[in-house]
Amino acid sequence: MDWLLQAETPLEKILVMLVAIALFAAVMSLILFASEKLPRWIPAVGFLFPAVIMLTFGLLWPGIRTIFDSFRDAAGREPVGVDNYVTVLTNPDFQVILLNTLAWVVAVPLFSTIFGLLYAVLVDRTRFEKVAKTLIFLPMAISFVGASIIWNFVYQYKPPGTDQIGFANQLLVWLGMEPQQFLLNPPWNTAFLIVIMVWIQTGFAMTILSASIKAIPDEIVEAAQIDGATGVRTFFNVTVPSIRPALIVVVTTIAMATLKVFDIVRTTTGGQFDTSVIANEFYSQKFSQGNNGIASTLAVILFILVIPIIIYNVRQMRISEGER
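Keep in mind the model is a prediction, meaning the values are calculated, not measured.

Another aspect to go through is helix 6 (residues 129-137). For helix 6, the full list of buried residues reads Glu 129, Ala 132 and Lys 133. For helix 6, the angular spread of the buried residues around the axis is 95°, confining them to a single face. The outward face of helix 6, more than 90 degrees from its buried face, is lined by the exposed residues Lys 130, Val 131 and Leu 135. Those residues of helix 6 that are buried lie in contact with helix 5 (92-123) and helix 9 (188-214).

This part takes up the nonpolar core. Judged by nonpolar contacts, the single largest core of 35 residues is most densely connected at Trp 104, Tyr 155 and Ile 196. Elements supplying a minimum of two residues to this core: helix 5, helix 7 (144-154), helix 8 (167-174), helix 9, helix 12 (244-259) and helix 13 (263-268). With 11 residues, helix 9 is the largest single contributor of residues to this core. Dropping the residues within four chain positions of it, Trp 104 is found in contact with Pro 109, Thr 190, Leu 193, Ile 194, Met 197, Thr 258, Val 261, Ile 264, Val 265 and Val 277. The next biggest cluster of nonpolar side chains, apart from the first, holds 16 residues, and it includes Ile 97, Ala 255, Met 256 and Val 306.

Once that is clear, we can look at unusual backbone geometry. In this model, Pro 186 is joined to Pro 187 through a cis peptide bond whose omega is 0°. Mapped onto the fold, Pro 187 is located in the loop between helix 8 and helix 9. We note that Phe 273 has phi near 60°; this positive angle belongs to a residue other than glycine. Position of Phe 273 relative to the elements: it lies in the loop between helix 13 and helix 14 (278-288). For Phe 273, a relative accessible area of 39% gives the class partly exposed. Backbone geometry places Asp 274, a non-glycine residue, at a positive phi of 60°.

Moving on to the packing of aromatic side chains. Under the criterion given, the structure shown has 10 aromatic pairs. Judged by centre distance (5.4 Å) and plane angle (40°), the rings of Phe 71 and Tyr 85 are tilted. Of the two residues, Phe 71 is situated in the loop between helix 3 (41-69) and helix 4 (83-90) and Tyr 85 in helix 4; the sequence distance between them amounts to 14 residues. Judged by relative accessible area, Tyr 85 falls into the buried class, the value being 15%. Look at Phe 182 and Phe 192: their rings are 4.9 Å apart centre to centre, the planes differ by 85°, and that puts the pair in the edge-to-face class. With Phe 182 in the loop between helix 8 and helix 9 and Phe 192 in helix 9, this residue pair connects regions lying 10 residues apart in the sequence. For Phe 182, a relative accessible area of 11% gives the class buried.

Here the focus is the pattern of salt bridges. For the structure shown, the criterion picks out 3 salt bridges. Between Asp 69 and Arg 65 there is a salt bridge; the shortest N-O distance is 3.3 Å. With Asp 69 and Arg 65 both in helix 3 and 4 residues apart, this pair spans about one turn of that helix. A relative accessible area of 8% places Asp 69 in the buried class.

Criteria and cut-off values
Every residue gets a number counted from 1 within its own chain, in the order that chain's sequence is written. This being a predicted model, a pLDDT of at least 70 is required before a residue's local features are given, and a value of 80 or more before pairs of side-chain atoms are given or counted; all residues contribute to the totals for chains, interfaces and linings. Computation of side-chain values covers all heavy atoms of the structure but excludes hydrogens and water. Working definition: with a 1.4 Å probe on protein chains only, accessible area under 20% of the residue-type maximum means buried, over 50% means exposed, and in between means partly exposed. Only DSSP runs of H or I covering at least 4 residues are called helices, and only runs of E covering at least 2 are called strands; the numbering of each starts at the N terminus. Summarising the geometry, the arc corresponds to the directions from the helix axis toward the C-beta atoms. Contact definition: two residues touch when any of their heavy atoms are within 4.5 Å. Among buried residues, those of type Ala, Val, Leu, Ile, Met, Phe, Trp, Tyr and Cys that are joined through side-chain atoms within 4.5 Å constitute a nonpolar core. Aromatic rings from Phe, Tyr and Trp, taking only the six-membered ring of Trp, are treated as a pair when their centres fall within 6.5 Å; an angle between ring planes under 30 degrees marks them as stacked, one over 60 as edge-to-face, and anything in between as tilted. For this document, the term salt bridge refers to a Lys or Arg side-chain nitrogen within 4 Å of an Asp or Glu carboxyl oxygen.

Here is the structure:
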């Protein structure tokens, strides 16, 4: 068997690949053959066992260990009780991080959903609908890091009197205003970072809500128009109630993604200038400062914040299924 591990020439590597395929086929054949002869529960356990093992050691055990570490010191050795939680909740620096995270979770789902819904309604059934939807969806194809680099150029600052290479500051100059350092001045720098996330997520919201709007039966819309409903009244009394389940899914999905936001903050400011959020601070505490206790505490808090959103989403999906 040593030659399988020491294959160097192309022919030997091909032989290794063929042997691996043959072994895989033999194992699968044995499993399928055994599944016909053994009681049904045994093959079921055999197929589920690898998934259970991976979930246990890849998800459940790390989660338990993180909770355990959140009650220990920076080195993860001595118990400190709830001191880490007290520090995170009472220290002014960590309070800024928690407030920033709250601002992200409120603003991003709200504005992304509003802009996505309005855009979906405005371009619905127009001649340029496909092109318009493609343009708004394009940011979804860009990674968070790539989007952050793009917006870094948009927010780029040069001293007054010099040529501005950032679009935002050039626009201010055209309007007769002074260029601004958008990413340095709190708390507005956090708002400008939130704009990046809204820019990315609006395409997702538009896609889901547009599909839901198209699924509204024409008879309902026509009946509302016959009753004298105008465009605005139809929107609030017919369209919005009809797509309520989709709105909930969009808001909760974007909220969960926003809670875990890391790339944007790390790429633009690195969490400096009072822009850090829980996910970024967890990374900094763990890998930059070596404080395993605080890092685990932040991870647990992030997990706790996600749970209510998941529960609410599941309940609403069950209600929607029951109505059908």
